[in-house]
Each structure stands twice: as C-alpha cells, then as structure tokens.
Amino acid sequence: EALAPPLTEVGRRQARALRPKAAGLAPEMVVVSPLARATQTALIAFAHLVDGASTKVPFIAHEACHEIAGVHTCDRRRDLTEIRADFPMVDYTTTGLVESDPFWSETQREPLLQLAGRGYEFLLWLRARKEREVAVVAHFAWIFSLTNAVLESDDPKLKAGFLTGELRSLRLRFEDVGEP
C-alpha cells in the first residue's frame, strides 16, 4: 500500500465533476483533511478559488478531519514538510499540525470513539470561527462518524453516509444545552 496516496484518475474525474456544484457555493473557508487525496479533491473541485500557489479564501488543513487511522498505510499522513511542499496554497499552521501523523499506529486501528471525538473537537473549532459558510473536504469514515455519532439529525439520508466524490450542503446549528 502507498503512504497517503494521491487521487487516482477516477478520483480526479470525480473531483472535476463536483466543479459545477462547488462553483455555486460561496465558502469563506475550505477545510481539508491533511491526507493528499482529500486535499487534491478540494483543490480540483474548488478550482475557481485557487490561483496558482495562492487561494481566494483560506484553505486550511485540519488534523481532526483525517480519515480513520492506523494499520492501513493509505490512511497515514505524510510528514508535514512533504505535504507543505506539494500544496503550498494550503494553510497547515492555523490548526497546529505537527510534523508526523499523530494518529498512526502500525498495529492498531483507531477506535471509533476516538474518531468521533475528533469530529466533536472539529465542530467546537468550527463553532469558534467567524466564517459562516465553510466547505469541508474529508473522508467517508470521518464524515460517517460525524453524522452518526456527533451531529443530531433525523435525516436518514445524512445518516446513510456520503458517497465517494459526493458534495452535499448542510446547515449546522449549534446549541448550548444546560443541565437537565
């Protein structure tokens, strides 16, 4: 298996197919998983927001959006020095990414509770941001965990998970819930 492999031609074609929908959105920020395939998907789908080595809105890598980790090298993030060189238009500083993949284990798959915890931490971070329209480009297991274990929703389509190369718009509402 390849370490955090890039998109295949099929993946690039799926990302290009997202362009019409992505062009109809007006994100103030694009958040990406630091794994190459999600970053590439974002840069291809939101190509109208990319201008060479710069972007019209911030593209921020967030470790919490990382695919479920451990055992499978395709889900192991490359070192920060390498991904910064490949994607200079992406901000790897704002969220404090460290040099090596903090979730990687050769022998143990990341527990689902930890994956859901990362989703929750991501939402707390997102809630504190000033941007109101945000695009998030991540991975199936992370999104599935977020929509089934972290977000509260009665929408069966949302709970069923996202398809590869699928783009959906969600409206999130954050509520402070007091003691019962």
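Look above for the structure.
Treat the numbers as computed from the prediction; the structure is a model and nothing was measured.

**A look at the packing of helix 1 (residues 9-17) against helix 3 (residues 36-45)**
- Between helix 1 and helix 3, whose axes approach to 8 Å, the crossing angle comes to 40 degrees. In terms of axis orientation, helix 1 runs oblique to helix 3. Relative to helix 3, the crossing made by helix 1 is right-handed. Where helix 1 abuts helix 3, its residues Arg 12, Ala 15 and Arg 16 lie against Thr 41, Ile 44 and Ala 45.
- By residue class, the composition of the contact of helix 1 with helix 3 is 3 nonpolar, 1 polar and 2 charged.

**With respect to unusual backbone geometry**
- Notably, Val 71 is not glycine yet its phi reads approximately 70 degrees, a positive angle.
- Take Val 71: it is sitting in the loop between strand 4 (59-61) and helix 4 (80-86).

**Describing the environment of Trp 142**
- Mapped onto the elements, Trp 142 comes out in helix 6 (residues 140-150).
- For the pair Trp 142 and Arg 16, spaced 126 residues apart in sequence, the C-alpha separation works out to 22 Å.
- Residues contacting Trp 142, with those up to four places away along its chain left out, are Ala 64, Cys 65, His 66, Glu 67, Leu 115, Arg 118, Gly 119, Phe 122 and Val 136.
- A distance of 2.5 Å separates a polar side-chain atom of Trp 142 from the backbone oxygen of Ala 64.

**Description of the nonpolar core**
- In this structure, Val 30, Phe 46, Phe 59, Val 90 and Tyr 92 are the most contacted members of the largest nonpolar core, which totals 24 residues.
- For this core, the elements supplying multiple residues, two or more each, are strand 1 (29-32), helix 3, strand 4, helix 4 and strand 5 (134-137).
- Looking at which element gives the most residues to this core, the answer is helix 3, with 5 residues.
- Dropping the residues within four chain positions of it, Tyr 92 is found in contact with Thr 39, Ala 61, Leu 80, Ile 83, Arg 84, Phe 87 and Leu 97.

**Observations regarding the side chain of His 66**
- When you line up the elements, His 66 lands in the loop between strand 4 and helix 4.
- The exposure class of His 66 is buried, given its relative accessible area of 0%.
- One polar contact links His 66 to Asp 101, side chain to side chain, over a distance of 2.8 Å.

**Observations regarding the environment of Trp 125**
- Along the chain, Trp 125 turns up in helix 5 (residues 112-128).
- A residue is classified by how much of its surface remains accessible, and Trp 125, at 19% relative accessible area, is buried.
- In this structure, Trp 125 is in contact with Met 29, Val 31, Ile 60, His 62 and Thr 95, ignoring residues within four places of it in sequence.

**Points about the sheet that holds strand 1**
- Spatial ordering of the open sheet is given by 4-1-5, a layout of 3 strands whose pairing is parallel. In this open sheet, the two edge strands, each paired with only one partner strand, are strand 4 and strand 5. The sheet shows a mean angle of 20 degrees between the axes of neighbouring strands, taken without regard to direction.
- Where strand 1 lies against strand 4, 3 bridges are found, and the strand directions are parallel. Across the sheet, the residue bridging to Val 30 is Phe 59, located in strand 4.

Conventions and cut-offs
- Residues numbered from 1 in each chain as written.
- Predicted model: local features only at pLDDT ≥ 70, side-chain atom pairs only at ≥ 80, totals over all residues.
- Heavy atoms only, no water.
- Axes fitted to C-alpha atoms, helices over the stretch in contact; angles between N-to-C directions.
- Helix = DSSP H or I, 4+ residues; strand = E, 2+ residues; numbered from the N terminus.
- Parallel < 35°, antiparallel > 145°, perpendicular 65-115°, else oblique.
- Left-handed = near helix turned anticlockwise from the far one by under 90°.
- Contact = heavy atoms within 4.5 Å.
- Nonpolar A, V, L, I, M, F, W, Y, C, P; charged D, E, K, R; others polar.
- Polar contact = N/O pair within 3.5 Å; in protein donor to acceptor, adjacent residues only side chain to side chain.
- Core = buried A, V, L, I, M, F, W, Y, C linked by side-chain atoms within 4.5 Å.
- Buried < 20%, exposed > 50% of the residue type's maximum accessible area, 1.4 Å probe, protein only.
- Pairing = 2+ DSSP bridges.

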